[in-house]
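If you want the building blocks of each chain, they are given just below.
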Amino acid sequence: MNTELTIALAKGRILADTLPLLSRAGIEPVDDLNTSRKLVFATNRDNIKLVLIRSADVATYVQYGAADMGVAGKDILLEHGGEGLYERLDLKIATCRMMTAGFKDKPLPRVRLKVATKYPRITRQFFLDQGRQVELIKLYGSMELAPVVGLADIIVDLVDSGNTLKANGLTPLQLITAISSRLIINRASLKMKNRAINEVVAKIESAIV
Ligand code: PRP
């Protein structure tokens with residue numbers, strides 16, 4: 001009897017890079033994840049199923065063992081803290097940069113700098129490391145709007161092509177960290193399902209470009 005494995009995948013831009021990687025590793029979903037409304041997907045491998053969830057939730061599913069493994073952006077892992085899981089592989093997909101961004105040449109206030117972000121933990125740490133206390137404004141998306149309407153002085157967000165910043169009159173300022181997607185594994189699953197997980201990890205590792 002094959003050990004059952006559940007792999008959590010993130011919806012959105014990571015998925016487009018994840019599916020070809022899984023395919024090269026010999027794991028193919030039976031249905032089309034991009035068009036189906038399902039959340040649980042069988043694969044060509046009897047013992048492997050995929051669950052499709054919001055990217056911000058992947059680390060939580062894996063932490064609690066609702067999924068044995070998952071593909072999550074480093075941004076999500078840094079913000080989550082990594083409790084209960086191992087970061088096993090850098091998949092080198094969905095690469096981008098986490099940056100501060102604001103208006104070019106606009107002087108920033110020395111005190112009470114207002115920073116809008118969906119990454120409060122990373123942002124607080126970044127500015128603490130610089131000895132600065134900032135006022136954090138937690139948002140869930142469309143961060144680029146915040147400086148435009150005066151909600152914040154700057155933002156902390158992911159930058160890929162830079163087009164979203166540019167389209168809103170903003171410019172990247174400081175690099176916080178490079179981001180890519182990682183393969184994460186639940187700590188208990190790794191002990192209980194060691195052989196099955198190692199086999200999948202090896203296949204995925206050999207599929208990394
Ligand atoms: C991300 C990020 C930026 C944008 C950057 O958002 O939050 O808004 O992509 O990409 P660019 O530099 O190529 O323009 P995403 O589209 O992933 O959606 P989100 O707002 O749900 O995070």
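It should be noted that the structure appears before, not after, this text.
The structure displayed is predicted, hence computed values, not measured ones.

The rules we used
Residues numbered from 1 in each chain as written. Predicted model: local features only at pLDDT ≥ 70, side-chain atom pairs only at ≥ 80, totals over all residues. Heavy atoms only, no water. Phe/Tyr/Trp six-rings, centres within 6.5 Å; stacked < 30°, edge-to-face > 60°. Buried < 20%, exposed > 50% of the residue type's maximum accessible area, 1.4 Å probe, protein only. Lys NZ or Arg CZ within 6 Å of the ring centre and 35° of its normal. Near = heavy atom within 4 Å. Polar contact = N/O pair within 3.5 Å; in protein donor to acceptor, adjacent residues only side chain to side chain. Areas by Shrake-Rupley, 256 points an atom, 1.4 Å probe, with all protein chains shown as cover. Helix = DSSP H or I, 4+ residues; strand = E, 2+ residues; numbered from the N terminus. Nonpolar A, V, L, I, M, F, W, Y, C, P; charged D, E, K, R; others polar. Pairing = 2+ DSSP bridges. Axes fitted to C-alpha atoms, helices over the stretch in contact; angles between N-to-C directions.

Caption draft 1: Focus on the packing of aromatic side chains. Applying the stated criterion to the full structure yields one aromatic pair. Judged by centre distance (5.1 Å) and plane angle (80°), the ring pair of Phe-126 and Phe-127 falls under edge-to-face. Residue Phe-126 shares its accessibility class with Phe-127, and that shared class is buried. Seen from the ring of Tyr-86, Arg-187 lies directly overhead, with NZ or CZ sitting 4.2 Å from the centre.

Caption draft 2: The arrangement of the site of the ligand in detail. Inspection of the region around the ligand gives Arg-13, Lys-118, Glu-144, Asp-157, Leu-158, Val-159, Asp-160, Ser-161, Gly-162, Asn-163 and Thr-164 as its neighbouring residues. Side-chain polar atom of Ser-161 to an oxygen atom of the ligand: 2.6 Å apart, as the coordinates give it. Between the ligand and the protein, one listed contact pairs an oxygen atom with a side-chain N or O atom of Thr-164 at 2.4 Å. Alone, the ligand offers 490 Å² of accessible surface; in the complex the protein occludes 68% of this. Broken down by secondary-structure element, the contributors of at least two residues to the shell around the ligand are strand 9 (154-159) and helix 6 (163-167). In terms of residue count, the dominant contributor to the shell around the ligand is strand 9 (three residues). In terms of residue class, the shell around the ligand is built from two nonpolar, four polar and five charged.

Caption draft 3: Broad picture of the sheet that holds strand 10 (residues 171-179). Strand order in the open sheet formed by five strands is 8-7-9-6-10, and the pairing between neighbours is mixed. Lying at the two open borders of the sheet, with one neighbouring strand each, are strand 8 (134-138) and strand 10. Taken over all neighbouring pairs, the strand axes of this sheet differ in orientation by 25° on average, direction set aside. Bridge count for strand 7 (residues 113-117) against strand 9 is three bridges, and the pairing is parallel.

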